[in-house]
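Analysis of the macromolecular model
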Amino acid sequence: MAGRINDDDVKAVRDAVPIDSVVSEYLQLRNAGGGNLKGLCPFHDEKSPSFQVSPSKGLFHCFGCQEGGDTITFVMKVDHLSFSEAVERLAAQAGITLRYEEGGYNPAHQRGERIRLVEAHQIAAQYYTEQLDGAEAEIGRKFLAERGFDQAAAQHFGVGYSPAGWDHLTRYLRGKGFSDKELLLSGLSQEGRRGPIDRFRGRLMWPIRDISGDVVGFGARKLRDDDNGPKYLNTPETAIYRKSQVLYGIDLAKKEIAKSSRAVVVEGYTDVMACHLAGVTTAIATCGTAFGGDHIKILRRLLMDNGSAKVIFTFDGDAAGQKAALRAFEDDQKFAAETFIAVAPDGMDPCDLRLAKGDEAVRELAEPRNQLFEFAIRQIVKNYDLETPVGRAAALDEAAPIVARIKNSASQHEVAVQLAGLLGILDTQFVVRRVSQLARWARERGSGGGQGPAPARQAQAYDTAGPSPRPSGPALNLRSPAHRTERELLKLALQHPELVSPAFDAYGADEFTAPPYAAVRQAIADAGGAEFGVPDPPGYLARVREAAPDDAVRAMVTELAVEAVHARTVDEGYAGVQLVQVRLRAVDRRIREVQGTFARLGAHAGPEQAAAVQNELWVLQQYAQSLRNRGADAL
């Protein structure tokens with residue numbers, strides 16, 4: 001029976017390790033005011049940071065998913081550890097020796113499985129680095145030298161060498177007290193004819209660390225021709241290693257990624273090394289798998305979904321690299337950050353580029369220039385003969401559905417215009433309408449019993465079953481200027497109603513393009529409007545919360561009521577700008593609708609109908625011009 005950790009030692013661990021230093025290993029924290037810190041919650045997906053840490057109290061709480069507790073609780077939840085395992089990990093960080101009750105402490109039997117597997121990997125990593133200095137590892141040192149990496153570089157990244165014998169590491173770890181079962185569970189050993197043998201033999205070894213810095217796996221590079229295994233052999237899936245959830249180099253890059261709001265995604269271990277040594281210390285790589293949704297979650301927490309953040313993908317110029325870029329584009333909409341692609345001259349990877357042209361060329365490569373969506377579309381259309389109508393039509397058929405997947409309508413329109421130019425189609429509006437139609441069909445499929453693809457369901461703008469707009473999914477896009485302005489206006493209406501009333505109360509819910517924002521606008525109207533907030537702010541917010549149709553809208557009201565307004569000076573001038581921008585975008589949308597109606601009517605419209613449409617169009621255009629010229633005075 002495992003011994004219970006002494007209560008005084010648990011308290012000592014809790015007091016010794018600051019909660020903010022632990023949490024910041026997993027996500028970026030920023031000042032939330034009042035001595036608190038905030039970040040994107042690691043326990044659920046969110047667009048706005050609702051996860052708060054109180055260093056003075058040693059507690060965390062997420063206002064989105066309601067997870068909360070102390071430092072030990074956080075480590076238990078984020079790494080799926082037992083209470084004892086979490087305490088043991090934190091004690092190791094703090095240098096505290098734990099006392100165990102109920103019969104003493106036997107490290108071989110009383111430590112949790114995850115702790116034991118991580119320890120085995122830490123010892124293995126040290127063992128491999130020591131072997132790199134031996135005579136047998138000359139071939140490995142030569143491999144590194146040929147790629148521009150000296151001994152200091154190898155040490156910095158923990159590169160090592162696995163001896164070519166059958167069970168060198170296995171026997172070494174047995175001598176450290178690890179059982180055969182633990183060695184097999186760790187993935188460091190595998191079953192042989194007469195028991196466990198080393199999984200990695202005669203290879204160059206890269207330790208793969210999780211975001212907290214623990215070694216959880218290895219990437220092993222083949223060095224000899226008589227090695228019949230794959231070029232790269234990775235640790236198999238284990239209790240501590242999931243290749244879809246780890247990024248090589250994240251432990252070294254995380255602080256700079258958070259600081260600079262930029263990440264560079266490369267394809268291999270040597271590319272990460274080359275980038276870091278060249279000064280691009282935000283470089284990370286996947287471990288034998290495509291860049292996917294779980295990797296995005298890791299980066300989002302570090303980037304804090306900053307709308308100005310940038311993620312740059314570097315891929316080889318060959319067919320495999322192009323395919324990888326298109327796969328990355330599939331997930332582009334999951335980022336709030338802008339995504340770019342970088343392809344080196346002659347299709348070289350960063351490691352080769354550094355050898356051929358030096359560090360400056362690598363730094364130049366990592367600068368964001370070509371947006372990922374533009375590259376993806378170009379890769380599609382280049383397969384068609386754009387000199388012929390048939391070729392242009394076929395290219396449009398394949399590219400238009402890609403553009404239609406862009407959820408931000410403003411971005412979608414802009415890319416559709418670019419697509420028309422790329423294809424050489426003079427009728428730009430034809431392409432724009434085609435993309436819009438495909439997007440609308442996708443939304444309709446998404447609302448028809450849930451049969452459509454998830455992205456289509458998320459992009460649905462309104463639920464028309466009820467009397468007022470309701471959120472139908474995560475349609476917010478932090479890169480959308482429209483959504484940012486709508487959010488600011490709603491924050492002003494909730495926090496400073498005196499600055500926007502009475503003009504705000506004349507705005508309809510349909511002037512807010514994001515469904516959650518439209519729902520909040522409707523709740524304000526149902527509560528009597530912003531004018532009631534001027535004499536009684538606390539009662540006004542309570543009424544708006546009560547008027548919210550469900551918990552999701554109520555939570556959004558609370559969030560907007562406490563989130564800071566993004567202006568140094570919050571005054572009537574700033575409020576007027578937000579009012580005008582929201583109204584102007586709504587008017588411009590209506591102008592486009594009326595123009596579309598007029599174009600569809602064409603010669604079939606009667607004189608009275610045509611005159612009515614033209615008159616509405618003229619009035620709208622005059623109002624839009626007045627808003628642009630006179631600002632808030634035109635409201």
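Up top you'll find the structure we're talking about.
Remember, it's a predicted structure, so these values are computed and weren't measured experimentally.

With that settled, the discussion passes to the sheet that holds strand β5 (residues 68-70). With respect to topology, five strands assemble into an open sheet ordered β1-β2-β3-β4-β5, the strand pairing being antiparallel. Two strands bound the open sheet, and with one partner strand each, they are β1 (30-33) and β5. The mean angle between the axes of side-by-side strands here comes to 25 degrees, regardless of whether they run parallel or antiparallel. Relative to β5, strand β4 (residues 59-62) is paired through three bridges, and the arrangement is antiparallel. Note on β5: the bridge partner recorded for Phe-60 is Gly-69.

What follows covers the packing of aromatic side chains. Applying the stated criterion to the full structure yields 18 aromatic pairs. Measuring from centroid to centroid gives 5.1 Å for Tyr-128 and Phe-218, while their planes differ by 90 degrees, and the two rings are edge-to-face. Here Tyr-128 is found in helix α6 (residues 113-131), whereas its partner Phe-218 is found in strand β10 (residues 215-222), with 90 residues between them in sequence. Across the pair, exposure class does not vary: Tyr-128 and Phe-218 are buried alike. An angle of 20 degrees between the planes, with centres 5.6 Å apart, marks the rings of Trp-206 and Tyr-269 as stacked. Note that Trp-206 is positioned in strand β9 (residues 203-209) and Tyr-269 in helix α12 (residues 269-277), a separation of 63 residues in sequence. With a relative accessible area of 4%, Tyr-269 lands in the buried category. The rings of Tyr-26, Phe-43, Phe-51, Phe-60 and Phe-74 are connected pair by pair, giving a single aromatic cluster. A cation sits over an aromatic face here: Arg-147 above Phe-143, 3.5 Å from the ring centre. A cation over an aromatic ring shows up here: Arg-583 above the ring of Tyr-507, its NZ or CZ 4.1 Å from the ring centre.

With that settled, the discussion passes to the pattern of salt bridges. Throughout the structure, instances matching the rule amount to 24 salt bridges. A salt bridge links Glu-367 to Arg-262; its shortest N-O distance comes to 3.5 Å. Residue Glu-367 is located in the loop between α16 (359-365) and β16 (370-371), and its partner Arg-262 is located in strand β12 (residues 262-266); the two are separated by 105 residues in the primary sequence. Given a relative accessible area of 25%, Arg-262 falls into the partly exposed group. Residue Arg-434 pairs with Asp-397 through a salt bridge whose shortest N-O separation is 2.8 Å. Placement of Arg-434 in helix α20 (residues 428-447) and of Asp-397 in helix α18 (residues 389-404) is noted, with a sequence separation of 37 residues between them. Relative accessible area serves as the criterion here: at 23%, Arg-434 is assigned to the partly exposed category. Owing to a relative accessible area of 43%, Asp-397 belongs among the partly exposed residues under this scheme.

Further remarks concern helix α28 (residues 607-630). Counted at 1.5 Å a residue, the expected span for α28 with its 24 residues is 34 Å, and the 34 Å between its end C-alpha atoms agrees. Along α28, the residues classified as buried are Ala-610, Val-613, Leu-617, Leu-620, Ala-624, Ser-626 and Leu-627. Looking at the packing, one finds that the buried side of α28 touches α27 (572-601). Positive phi appears at Gly-631, one or two residues downstream of α28, with a value of about 65 degrees.

A few words now on the packing of helix α4 (residues 83-94) against α6. Two numbers describe a pair of packed helices, the interaxial angle and the distance between the axes. For the pair α4 and α6, the least separation of the axes is 8 Å and the interaxial angle reads 40 degrees. Classified by the angle their axes make, α4 and α6 are oblique. Between α4 and α6, the residues in contact are Glu-85, Glu-88 and Arg-89 and Glu-113, Arg-114 and Ile-115, respectively.

Moving on, we come to the pairing of strand β7 (residues 189-192). Consecutive residues of a regular strand have side chains that alternate between opposite faces of the sheet. Here β7 runs beside strand β8 (residues 195-198); their pairing, made up of four bridges, is antiparallel. The residue of β8 that forms the bridge with Ser-189 is Asp-198.

α4 packs onto helix α1 (residues 7-16) with a crossing angle of 60 degrees between their chain directions and a minimal axis gap of 9 Å. Taken together, the axis directions place α1 and α4 in an arrangement best described as oblique. Crossing hand, α1 versus α4: left-handed. Mapping the contact onto sequence places Val-10, Val-13, Arg-14 and Ala-16 in α1 and Phe-83, Val-87, Leu-90, Ala-91 and Ala-94 in α4.

What follows covers α18. For α18, with 16 residues, the first-to-last C-alpha span of 22 Å sits near the 22 Å given by 1.5 Å per residue. Taken as a whole, α18 carries its principal kink of about 30 degrees at Glu-398; the proline Pro-401 stands between one and four residues after it. Residues of α18 that are buried: Gly-391, Ala-395, Leu-396, Ala-399, Ala-400, Ile-402, Val-403 and Ala-404.

Quick look at the environment of Ile-19 now. Following the sequence through the fold, Ile-19 ends up in helix α2 (residues 19-23). Between the C-alpha atoms of Ile-19 and Phe-74, which are 55 residues apart in sequence, the distance is 8.6 Å. Setting aside residues up to four positions removed in sequence, Ile-19 forms contacts with Val-53, Ser-54, Pro-55, Gly-58, Leu-59, Phe-60, Gly-69, Asp-70 and Thr-71.

Below, the discussion takes up the sheet that holds strand β6 (residues 160-162). The strand order across the open sheet formed by four strands is β6-β9-β10-β11, and the pairing between neighbours is antiparallel. In this open sheet, the two strands that pair with only one neighbour each are β6 and β11 (232-234). Adjacent strand axes in the sheet meet at a mean angle of 35 degrees, parallel and antiparallel pairs treated alike. Note: β10 against β11, three bridges, orientation antiparallel. By the bridge assignment, Arg-221 is partnered in β11 with Tyr-232.

What counts, and where the lines are drawn
Residues numbered from 1 in each chain as written. Predicted model: local features only at pLDDT ≥ 70, side-chain atom pairs only at ≥ 80, totals over all residues. Heavy atoms only, no water. Pairing = 2+ DSSP bridges. Helix = DSSP H or I, 4+ residues; strand = E, 2+ residues; numbered from the N terminus. Axes fitted to C-alpha atoms, helices over the stretch in contact; angles between N-to-C directions. Phe/Tyr/Trp six-rings, centres within 6.5 Å; stacked < 30°, edge-to-face > 60°. Buried < 20%, exposed > 50% of the residue type's maximum accessible area, 1.4 Å probe, protein only. Lys NZ or Arg CZ within 6 Å of the ring centre and 35° of its normal. Salt bridge = Lys/Arg side-chain N within 4 Å of Asp/Glu carboxyl O. Expected span 1.5 Å × (residues − 1). Contact = heavy atoms within 4.5 Å. Parallel < 35°, antiparallel > 145°, perpendicular 65-115°, else oblique. Left-handed = near helix turned anticlockwise from the far one by under 90°. Bend = angle between axes of the 7 residues up to and from the residue.

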